[in-house]
Amino acid sequence: MSWPWPELARAVAGHGLPQAGVALPVGAPDDPAWDQLCRWAVAQRLSGLLAAAVVDGALDVDDDRRAQVARMHRSAMVGAIALERAMLRAVDVLVPVGIDYRVLKGTAVAHLDYADPSLRSYGDVDLLVRSEDLDAAIAALEGVGHVRRFPEPRPGFQRRFGKGNCLVTPEKMEIDLHRSLAMGPFGLTIVLDDLWARRSTFVLAGVEVPALALEERFLHACIHAALGDPIPRLSPLRDVAQMLLAPGLDGEKVRELSATWRIDAVVARAVGLAGGAFELPSGAHPLLEWARRFEPAARDRRSLRVYTDPGQTYAAKSFAALRAIPGIASKVAYLRALLFPARSYVAGRHAGRLRRWGRGLAQVLRPRLRP
Amino acid sequence: MTPGAGPRRYVRSERVLWRRTVDGVVVLPIDHGDYFDLTGTGVALWEVLAMPRTVDEAAAELLSRFDGAPEAVVADLAPVLEDLIRRGAVTAGDGPEP
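A brief report on the enclosed structure follows.

**Focus: the interface of chain A and chain B**
- Facing 25 residues of chain A, the contacting portion of chain B comprises 16 residues.
- Here chain A meets chain B over a buried area of about 1700 Å², counting both sides, of which 61% is carbon and sulfur.
- Counting across the interface, chain A meets chain B through 4 salt bridges.
- A salt bridge links A:Arg66 to B:Asp23; its shortest N-O distance comes to 3.8 Å.

**Quick word on helix H2 (residues 55–65) of chain B**
Residues and elements named next belong to chain B.
- Val55, Ala58, Ala59 and Leu62 are the residues of H2 that are buried. Looking straight down H2, one finds its buried side chains confined to an arc of 100 degrees; they lie on one side. For H2, the exposed residues set more than 90 degrees away from the buried face come down to Asp56 and Ser64.
- Among the structural elements, strand E1 (8–12), helix H1 (41–48) and helix H3 (70–87) are those in contact with the buried residues of H2.

**Some words on the sheet that holds strand E2 (residues 16–20) of chain B**
- Strand order in the open sheet made by the 3 strands is E2-E3-E4 (chain B), with antiparallel pairing throughout. Two strands lie at the open edges of the sheet, namely E2 and strand E4 (36–39) of chain B, each paired on one side alone. For this sheet, the mean angle separating the axes of adjacent strands, direction not counted, is 25 degrees.
- Bridge count for strand E3 (residues 24–29) of chain B against E4(B) is 4 bridges, and the pairing is antiparallel. When the sheet's bridge partners are listed, B:Val25 is paired in E4(B) with B:Leu38.
- Relative to E2(B), helix H4 (residues 63–94) of chain A is tilted by about 155 degrees, and along the sheet it contacts E2, E3 and E4 of chain B.
- Helix-sheet contacts for H1(B) involve E2, E3 and E4 of chain B, and the interaxial angle to E4(B) is about 100 degrees.

**Here's the deal with the pairing of strand E6 (residues 200–204) of chain A**
- Side chains A:Ser200, A:Phe202 and A:Leu204 project from E6(A) onto a buried face, and the interleaved A:Thr201 and A:Val203 project onto a face without burial.
- Between the end of E6(A) and the start of strand E7 (residues 207–211) of chain A, which pair antiparallel, lie 2 residues, with A:Ala205 showing a positive phi angle near 50 degrees.

**Remarks on unusual backbone geometry**
- Non-glycine residue A:Arg45 carries a positive phi angle of around 55 degrees.
- Along the chain, A:Arg45 turns up in the loop between helix H2 (31–43) and helix H3 (47–55).

**Digging into helix H12 (residues 251–260) of chain A**
Residues and elements named next belong to chain A.
- For H12, every residue scored as buried is listed here: Gly251, Val254, Leu257 and Ser258. Along H12, the residues classed as buried sweep out an arc of 130 degrees about the axis, all on the same side.
- The backbone nitrogen of Glu252 lies 3.0 Å from a side-chain oxygen of the residue at the head of H12, namely Asp250.
- Taken from the residues just after H12, Arg262 is the one with a positive phi, measuring 60 degrees.

**Remarks on the pairing of E3(B)**
Residue and element names in this part refer to chain B.
- For E3, a buried count of 6 out of 6 residues is recorded, marking the element as mostly surrounded by other parts of the structure.
- Alignment of E2 against E3, held across 5 bridges, turns out to be antiparallel. Pairing of Arg20 across the sheet is with Val25, part of E3.
- Remark: 3 residues form the turn of the hairpin made by E2 and E3, two consecutive strands paired antiparallel.

Quick notes on the rules
Residues numbered from 1 in each chain as written. Chains lettered and ligands numbered in written order. Predicted model: local features only at pLDDT ≥ 70, side-chain atom pairs only at ≥ 80, totals over all residues. Heavy atoms only, no water. Contact = heavy atoms within 4.5 Å. Buried area = accessible area lost by both parts, 1.4 Å probe. Salt bridge = Lys/Arg side-chain N within 4 Å of Asp/Glu carboxyl O. Buried < 20%, exposed > 50% of the residue type's maximum accessible area, 1.4 Å probe, protein only. Helix = DSSP H or I, 4+ residues; strand = E, 2+ residues; numbered from the N terminus. Arc of directions from axis to C-beta. Pairing = 2+ DSSP bridges. Axes fitted to C-alpha atoms, helices over the stretch in contact; angles between N-to-C directions. Polar contact = N/O pair within 3.5 Å; in protein donor to acceptor, adjacent residues only side chain to side chain.

In structure tokens:
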């Protein structure tokens, strides 16, 4: 039996979601559909939900296919706990030197927002630190063998304007150190102090680990779902829906923070996409109706495009971020760093500064010249 | 008898990371470095050891879930628990009932 692909993917991603209107087809899929489903589940980090669908009997599989899903899922879970160990080791370095942190995204969401963390797999660790601690945090982790994956345009650029930096552990795992929740224009309007005002916690290996509070975590999920990829992925959309439907999500607090952070357009996009993907009734949460009615301002539509257009580029996001930077002096510093970066930033990426300028200009102008 | 002393109780170590899998549980004691899997009655034992248990208490819990002769279950449990201790997944201590 051949299953219609987008519907099948949405049904697996929505498995176990209360009030979801998507359902898995009845009967066993044919081999091509099954192979596509397995490849997609691994690539999209949805093997936990696929495994749950198998264990729950929602997917009709024979012993061989069950064993295949079991192998995929175990591999994902081994990866997840390896990342958690890497995270705990990083935290052991940061805390003694006075660096406060919050665990973000997959690790936090798996433990705080899903009935069992085995439902949610992830491929890296995300930690939030305060802007003023970013450089010290990177130095502390470099001191124990972590390697910065990308140089910054100029010293202090990420601390002042960026989302953060990626480090690779001695075991070759990625730790993303964030100071904000997004790069580009929407990352610069987030009131970073709000991220530290409250927290949730969970316990990992006997350690109480801090994460964002629920509403802030939900907003981060919206940012990731709406801005993370030109074609929104179902895993972040499931996170949005999961938290949206959780008892206790304070819609008023979400709206308050979203407005303060000037990301209403982002949240509306994410909630609308999640509601559509999983066919959630608008009565499931007031935010669904709000998102349905929301009309983004022209300025926000332009900002969204730098994230959602196919071929969206770092240069286009960087240029769009200029508007969000307050003050002439800061804008000048930002532009100076991007136009005249350190040699280490250019080396290996571009044939030279002029070539880099030409390429960046083309990337910035391309959406503006589009009919 | 020393005040506060009691029979030996076994409990999951705090220093582990673990996840449920389709067929069992995968465990990583973070101070020991090696993953291992528990399946079948091993999963049930892992769930039972969420709280401190004596061997007899753990056996009673397992017998409530599976068929078996009590003496045989108790006899089988002791080496399993010592193996889990050796792997760093379980700790044991003498103490009163929690």
